[in-house]
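Below are the chains, spelled out letter by letter.
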Amino acid sequence: MDPADLRIDLRESTGLEGLARVHYNLPAAQLVEEAVRRGEGQLTSSGALTAFTGARTGRSPRDKFLVDDPAIHDQIWWGKVNQPFPGDRFDRLRERIAAFLHGREVFVFDGSAGADPAYRIPVRVVSQHAWPSLFARQLFRRDLAESSARRFIILHVPDFLADPARDGTRSEAFILVDLIGRLILIGGTQYAGEVKKAIFGVMNYLLPEQGVFPMHCSANEGPAGDTALFFGLSGTGKTTLSADPARRLIGDDEHGWSATGVFNLEGGCYAKCIRLSEQGEPQIWNAIRFGAVLENVRLRPGTREPDYNDDSVTENTRSAFPIDFIPNAIPAGVGGHPRNIVFLSYDAFGVLPPLARLTTEQAMYHFLSGYTSKTAGTEGEKGGEPRPEFSACFAQPFLPRPPRVYASMLGERLREHGAACWLVNTGYTGGPFGVGRRLDLKISRALVDAALNGTLEDASFELDPIFGVMTPRACPGVPSDVLTPRKTWADRIEYDRAARRLATEFHRNFAQFHPTDAAIAEKGAPPAGALANAPKELKP
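Residues numbered from 1 in each chain as written. Predicted model: local features only at pLDDT ≥ 70, side-chain atom pairs only at ≥ 80, totals over all residues. Heavy atoms only, no water.

1. Some details on the overall build of the protein
Here's step 1: Helices and strands together make up the secondary structure of the protein, namely 14 helices and 28 strands.
Here's step 2: Whereas a compact globule of 540 residues would reach a radius of gyration of roughly 24 Å, the protein reaches 23 Å, a difference of no more than 12%.
Here's step 3: Along the first, second and third principal axes, the C-alpha atoms of the protein reach 70 × 55 × 45 Å.
Here's step 4: Taking all 540 residues of the protein together, 60% fall into the buried category.
Here's step 5: Taking as baseline every contact in the protein between residues at least 6 positions apart, the subset at least 24 positions apart corresponds to 73%.
Here's step 6: Taken as a whole, the protein presents about 20,800 Å² of accessible surface, with 49% of it coming from carbon and sulfur. (Helix = DSSP H or I, 4+ residues; strand = E, 2+ residues; numbered from the N terminus. Rg over C-alpha atoms; globule rule 2.2 N^0.38 Å. Buried < 20%, exposed > 50% of the residue type's maximum accessible area, 1.4 Å probe, protein only. Contact = heavy atoms within 4.5 Å. Areas by Shrake-Rupley, 256 points an atom, 1.4 Å probe, with all protein chains shown as cover.)

2. Considering the sheet that holds strand E2 (residues 42-43)
Here's step 1: Sheet architecture is open: five strands sit in the order E2-E3-E17-E18-E16, paired in mixed fashion. The sheet is open, and its two edges are formed by E2 and strand E16 (268-272), each paired on a single side.
Here's step 2: Note: E2 against strand E3 (residues 49-51), two bridges, orientation antiparallel. By the bridge assignment for E3, Gln 42 is matched with Thr 50. (Pairing = 2+ DSSP bridges.)

3. Points about the nonpolar core
Here's step 1: Ile 341, Phe 343, Phe 367 and Phe 467 are the most contacted members of the largest nonpolar core, which has 81 residues in total.
Here's step 2: The element contributing the most residues to this core is helix H6 (residues 193-209), with nine residues.
Here's step 3: What Ile 341 contacts, discounting residues up to four positions off in sequence, is Leu 229, Phe 231, Trp 257, Leu 410, Leu 414, Ala 419, Ala 420, Cys 421 and Trp 422.
Here's step 4: Judged by nonpolar contacts, the second largest core, of 26 residues, contains Leu 19, Phe 90, Phe 160 and Ala 162. (Core = buried A, V, L, I, M, F, W, Y, C linked by side-chain atoms within 4.5 Å.)

4. Side note on the environment of Leu 185
Here's step 1: Of note, Leu 185 is situated in strand E10 (residues 183-187).
Here's step 2: Distance from Leu 185 to Glu 305, taken between C-alpha atoms, is 35 Å for residues 120 residues apart in sequence.
Here's step 3: Dropping the residues within four chain positions of it, Leu 185 is found in contact with Phe 90, Leu 93, Arg 94, Ile 97, Leu 155, Phe 174, Ile 175 and Leu 176.

5. Topic: unusual backbone geometry
Here's step 1: Unusually for a residue other than glycine, Asn 296 sits at a positive phi of about 60 degrees.
Here's step 2: A residue is classified by how much of its surface remains accessible, and Asn 296, at 1% relative accessible area, is buried.
Here's step 3: One non-glycine residue, Arg 304, adopts positive backbone phi at about 60 degrees.
Here's step 4: Here Arg 304 falls in the partly exposed class, since its relative accessible area comes to 40%.

6. So, the confidence of the model for the protein
Here's step 1: Of the residues in the protein, 93% have a pLDDT of 70 or more, and the chain-wide mean is 92.
Here's step 2: For residues 377-382, every residue scores under 50 in pLDDT, and the model assigns this stretch 26 contacts once sequence neighbours within four places are set aside.
Here's step 3: Overall, residues 529-540 carries pLDDT values under 50, and its contacts beyond four positions in sequence, including any with other chains, amount to 23 contacts. (pLDDT = per-residue confidence, 0-100.)

7. Quick notes on the packing of aromatic side chains
Here's step 1: With the rule as written, the count across this model stands at 24 aromatic pairs.
Here's step 2: Pairing Tyr 119 with Phe 263 gives two aromatic rings, centres 5.6 Å apart and planes at 10 degrees, and the pair type is stacked. One end of the pair, Tyr 119, is in the loop between strand E6 (105-113) and strand E7 (121-127); the other, Phe 263, is in strand E15 (residues 261-264), with 144 residues separating them in the sequence. For the pair formed by Tyr 119 and Phe 263, the shared burial category is buried.
Here's step 3: Their ring planes at 75 degrees and their centres at 5.5 Å tell us that Trp 489 and Tyr 495 sit as a pair that is edge-to-face. Tyr 495 carries the same exposure label as Trp 489, and that label is buried. (Phe/Tyr/Trp six-rings, centres within 6.5 Å; stacked < 30°, edge-to-face > 60°.)

8. A short note on the pattern of salt bridges
Here's step 1: Inspection of the entire model under this criterion finds 28 salt bridges.
Here's step 2: In this structure, Lys 196 engages Asp 253 in a salt bridge whose closest nitrogen and oxygen atoms are separated by 2.8 Å. Of this pair, Lys 196 sits in helix H6 while Asp 253 sits in the loop between strand E13 (248-251) and strand E14 (254-258), and the two are 57 residues apart along the sequence.
Here's step 3: Asp 226 is the partner of Arg 247 in a salt bridge, and the nearest nitrogen-oxygen pair spans 3.1 Å. (Salt bridge = Lys/Arg side-chain N within 4 Å of Asp/Glu carboxyl O.)

9. Concerning the pairing of strand E18 (residues 318-322)
Here's step 1: Of all the five residues making up E18, five are buried; the element is thus mostly covered by neighbouring parts of the structure.
Here's step 2: Because side chains alternate across E18, one face comprises the buried residues Arg 318, Ala 320 and Pro 322, and the other comprises Ser 319 and Phe 321, equally buried.
Here's step 3: Strand direction decides the pairing type here: E16 and E18, joined by five bridges, are antiparallel. Counterpart to Ala 271 in the pairing with E18 is Ser 319.
Here's step 4: Across three bridges, the pairing between strand E17 (residues 293-295) and E18 is antiparallel. Looking across to E18, one finds that Glu 295 is bridged to Arg 318.

10. Quick look at the side chain of Asn 264
Here's step 1: Structurally, the position occupied by Asn 264 is in strand E15.
Here's step 2: Among the polar contacts listed, one links the side chain of Asn 264 to the backbone oxygen of Ile 250, at a separation of 3.1 Å.
Here's step 3: Beyond its immediate sequence surroundings of up to four residues, Asn 264 is in contact with Gly 114, Ala 115, Ile 250, Gly 251, Glu 254, His 255, Ile 323 and Gly 333. (Polar contact = N/O pair within 3.5 Å; in protein donor to acceptor, adjacent residues only side chain to side chain.)

11. What about the packing of helix H9 (residues 360-369) against helix H10 (residues 403-417)?
Here's step 1: Interaxial distance between H9 and H10 falls to 10 Å at its minimum, and their mutual angle equals 155 degrees. In terms of orientation, H9 and H10 fall into the roughly antiparallel class. With respect to the hand of their crossing, H9 and H10 are arranged in right-handed fashion. Along the contact surface, H9 presents Thr 360, Ala 363, Met 364, Phe 367 and Leu 368, while H10 presents Pro 403, Tyr 406, Ala 407, Leu 410, Gly 411 and Leu 414.
Here's step 2: Of the residues assigned to the contact of H9 with H10, the class counts are nine nonpolar, two polar and no charged. (Axes fitted to C-alpha atoms, helices over the stretch in contact; angles between N-to-C directions. Parallel < 35°, antiparallel > 145°, perpendicular 65-115°, else oblique. Left-handed = near helix turned anticlockwise from the far one by under 90°. Nonpolar A, V, L, I, M, F, W, Y, C, P; charged D, E, K, R; others polar.)

12. Some thoughts on the pairing of strand E20 (residues 338-345)
Here's step 1: E20 sits mainly inside the fold: seven of its eight residues count as buried.
Here's step 2: As judged from the five bridges shared by strand E12 (residues 227-231) and E20, these two strands associate in the parallel manner. Note on E20: the bridge partner recorded for Thr 227 is Pro 338.
Here's step 3: Pairing of E20 with strand E24 (residues 420-425) involves six bridges; the strand directions are parallel. Bridged to Asn 340 within E24 is Ala 420.

Here it is in structure tokens:
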């Protein structure tokens, strides 16, 4: 784009003018050079750029707001997730940001979201720093949409601190989304994940209107062209388990399911790095090279080697890199209708079975529940004991519309295409966190492999009496006792108490849903009889 035209475009679309310099769509090498020159980061021994995000090392969901507008008001799931923000205050804050950037340099990235051209939207990220521009370049798609008419623009100004009393924000940090004006303001936080997830929220609003089911999941394809989806919250293993050398990666985090199949919304991967090892996750390990971005990963003095075991900054250490850094990825980012769907839960209480086969009703229930154990780091937390966490549709922080919209779309597709659904626990066995041990990655891979390759189609299953799901009695590469969590506990009476306690948490969480939502999936709930002998304080 001609520099003069770009400045006019920025002035008309965002109010930015008087900029000292505009760097437009720089290649990765130049962005790395700029980031190092400006002191924004360092090169590691592998060639990746490492940067630190300051006090905020994860998302700030309580600082996210949606501009209220009569045109969309009745479509939005208002509440803790989507907090309303007045349009006039949004405009005034945008003007203050424009004044802040006057006389400064900015980096502009133009790309898109959506591998399927029929549903692709243009995305522009305007950032005051070089390394977030590199982050955007590596995570969004670099193919430009044919028209900029539907472009969403992100003004990313980490150094601009809001004044809550003046600006109406909760704190100095803010993520403000104007769906009608197609403009997003992000400031007061250096955490680059806010940029990625802001556009995911936009797609979660736009795609259902086009009959496309947006999903917080990874996707891959087997040798026979069979597509599999992996749903799960941060830390459950979406990226790790979908990056399978025996299968081709479609994408690691965000997808749409249309009438023709699955397509990636992004062009890169955003992998957790804590305790990363070459042996355990070779594909991710090898992808962290020149062009990749590391967030909050400390380097060993003198060598610049990343210390992936160091959690002194945060548990939520991350790497961002283009999907083609994975050798067997599918650059086009598309696949067929899923044959298997996997729900991943990190159960720190050690009571969920490592693998269970779900009926359609159970799949709907567990999709709406979106259970995992809350782990430190993803939303800026550090340390502390895990606790139950329920996130509707495995994507609650990113859902502009009510959960029933997405759950209904899942149900329609399950009934139409007959995908098999599985619940996989990647958390603990033999006891809860602090007593038991985390399930070995090799076991999780063996279970997922067996589910995807058809090994379990004719296997013998038994009923879990508390959660009401069917679990396999045997699986290649997995000790039989591991398949039944109760058998791995030294105190089986304590297991019963812990399992009933978690089943009760499921019931309590589901009670929050509107009757219309609950009716979608209530038949998939853990059996009420599981609670019959529970202590009085555990009964819902």
